[in-house]
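If you want the building blocks of each chain, they are given just below.
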Amino acid sequence: MSTVGETPNVLHPLVAKYLRKERMPHMACPGCGIGQVVHAVLLAVDELGLTPKDTVWVQGVGCNSRITYSTWVGDNVDAHHGRMFAVATGLKMARPDMNFICFTGDGDCGAIGGNHFIHACRRNLDVTAILFNNGIYGMTGGQVAPTSPLGAVTTTTPYGNIEDPFDMCQMAVAAGASYVARWRSTDFKPLANSIKKGIQTKGLAFIEVLLQCPTNFGRYVLKTSNPQDVLKWIKDHSVSQKEAKKISKEELAGKYLIGEFVYRPERTGIVERYQEFLKKYQKD
Ligand SMILES: Cc1ncc(C[n+]2csc(CCOP(=O)(O)OP(=O)(O)O)c2C)c(N)n1
Ligand code: SF4
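Each chain carries its own residue numbering, running from 1 in the direction its sequence is written. Chain letters start at A and ligand numbers start at 1, both assigned in the order the entries are written. For a predicted model such as this one, the threshold for reporting local features is a pLDDT of at least 70, and the threshold for listing and counting side-chain atom pairs is 80 or more; totals across whole chains, interfaces and linings nevertheless cover every residue. Water and hydrogen atoms play no part in the side-chain values, which are based on all heavy atoms of the structure.

Only a single heavy atom is needed: when it lies within 4 Å of a molecule or strand, its residue is near that molecule or strand. Around ligand 1 there are 16 residues in total, and Cys63, Asp108, Asn134, Gly138 and Met139 lie nearest to it. For the purposes of these results, a polar contact is taken to be a pair of N or O atoms within 3.5 Å, where, inside protein, one atom must be able to donate a hydrogen and its partner to accept one; residues adjacent in sequence count only when each atom of the pair is a side-chain atom. Between ligand 1 and the protein, one listed contact pairs an oxygen atom with a backbone N or O atom of methionine 139 at 2.8 Å. Computed with the Shrake-Rupley method and a 1.4 Å probe, the accessible areas treat only the protein chains shown as cover for residues. Calculation on ligand 1 without its partners gives an accessible area of 590 Å², and the protein chains cover 74% of this total. The secondary structure listing takes helices from DSSP runs of H or I that are at least 4 residues long and strands from runs of E that are at least 2 residues long, numbered from the N terminus. Within the residue set of the shell around ligand 1, elements represented by two or more residues are α3 (63-68) and α5 (106-112).

Another point: the layout of surface pockets. Within this model, the largest pocket holds a volume of roughly 350 Å³. The dominant element in the lining of the largest pocket, judged by the number of residues it contributes, is strand β8 (residues 256-263), at three residues. Taken together, the residues of the lining of the largest pocket sort by class into nine nonpolar, five polar and four charged. A cavity here means a set of 1 Å grid points, computed over protein atoms only, where a 1.4 Å probe fits but cannot escape. A pocket is an open set with protein on both sides within 12 Å along at least 5 of 7 lines, and lining residues have an atom within 4 Å of a point. Grid points are joined across faces, edges and corners, and a volume is the space filled by probe spheres set on the points. Residues are grouped as follows: nonpolar covers Ala, Val, Leu, Ile, Met, Phe, Trp, Tyr, Cys and Pro; charged covers Asp, Glu, Lys and Arg; every other residue, Gly included, is treated as polar.

With respect to topology, eight strands assemble into an open sheet ordered β2-β1-β3-β4-β6-β5-β8-β7, the strand pairing being mixed. This sheet does not close on itself; its edge strands, each paired only once, are β2 (76-78) and β7 (238-240). Across the sheet, the mean angle from the axis of one strand to that of its neighbour is 25 degrees, orientation sign disregarded. Two strands pair when backbone bridges link them, and strand β1 (residues 55-59) and β2 are joined in this way by three bridges, in the parallel orientation. By the bridge assignment, valine 58 is partnered in β2 with valine 77. We call two residues in contact whenever any of their non-hydrogen atoms come within 4.5 Å of each other. Axis geometry follows a simple rule: fit a line to the C-alpha atoms, using only the stretch in contact for helices, then measure angles between N-to-C directions, giving values from 0 to 180 degrees. Running at roughly 50 degrees to β7, helix α10 (residues 227-236) makes contact with β5 (179-184), β6 (205-210), β7 and β8 of the sheet. Here a strand pair is declared whenever DSSP counts at least two bridges between the two strands.

Note on classification: 1.4 Å probe, protein chains only; a residue is buried when its accessible area is under 20% of the maximum for its type, exposed when over 50%, partly exposed between these limits. For helix α6 (residues 114-123), the complete set of buried residues consists of Gly114, Phe117, Ala120 and Cys121. Taken down its axis, α6 places every buried residue within 130 degrees of arc, on the same side. Looking one or two places after α6, you find asparagine 124, whose phi comes out positive at around 55 degrees. Directions are taken from the helix axis to each C-beta atom, and the arc is the one they span.

Its place among the elements puts serine 238 in strand β7. For serine 238, the side chain forms a polar contact with the main-chain oxygen of isoleucine 234, separated by 2.7 Å. Sequence-distant contacts of serine 238, that is, excluding residues within four places in its chain, are made with Arg184, Leu210, Lys255, Tyr256 and Ile258.

Any carboxyl oxygen of Asp or Glu within 4 Å of a side-chain nitrogen of Lys or Arg constitutes a salt bridge here. Within this structure, the stated rule accounts for 11 salt bridges. One salt bridge connects glutamate 260 with lysine 197, and the closest N-O pair in it is separated by 3.1 Å. Placement of the pair is glutamate 260 in strand β8 and lysine 197 in helix α8 (residues 188-200), with a sequence separation of 63 residues. By relative accessible area, which is 34% here, glutamate 260 ends up partly exposed. The partly exposed category is assigned to lysine 197, whose relative accessible area is 25%. Taken together, the shared-partner salt bridges connect Glu47, Lys189 and Lys196 into one network.

Spelled out as structure tokens, the structure:
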């Protein structure tokens, strides 16, 4: 038995293998979906046989990054708010032989980092980016995010959000990423398989996960702190692309599409082209 703040005596085998023990237990609120997503990442890493020597974690600022920060047993690089792609670009260009798994939030990536996000997709940067979309700013206490639903009551929109939410997957497809997919935190196996596919894809893999934030999204938007209620909301507001074909436009309004949106592994990107450029022009 361990008490709050102490490392549990028995760690999950994937945690024991890949995460720093001194960072456990992690800091997510009870019922938060971040742990489910990190679990899927660890399974993907394990099944691909990646090691701390060939893989680096990079993150921005937010609840997700607070949890992934310094937890990977290998190198872990933290970027300023919204600057994860800029930092990952420098790292990947310098070390094209390494895998970079990047963690970001919907506020981090869609608001302050929006421009970096668009250009990372355009350049088709060869990294795997996991977007934790909880529909709100979690770490700073429940302000409206670019992904908050229309009408959402948050700490900064007490009368309801009057903006349409940002579909970041559609943006990634339009801007040129090689692989784009969206899952829910409860889609564990498809999510882990998608992360594996993303890591193996040359070019940018952008994988969004809809996850439950009972503390802020639950509390302000749904008026509940029960994680199950938030999961039910996500389930009721999402639909697979196959199911979406069978329902009307009206029924689809305000719903998240789930699944893979694009897979174009043949697309080249900046990392490959830069290596060719170096071969051609770099003097010995
Ligand atoms: C330049 C800058 N602006 C604002 C902040 C404050 N800030 C830190 S985390 C955060 C919200 C992050 O929200 P999101 O990316 O959705 O992540 P979540 O916490 O919900 O996982 C904000 C606004 C900051 N750290 N730096
Ligand atoms: S505030 Fe929300 S996203 Fe952040 S750790 Fe708590 S439940 Fe998770």
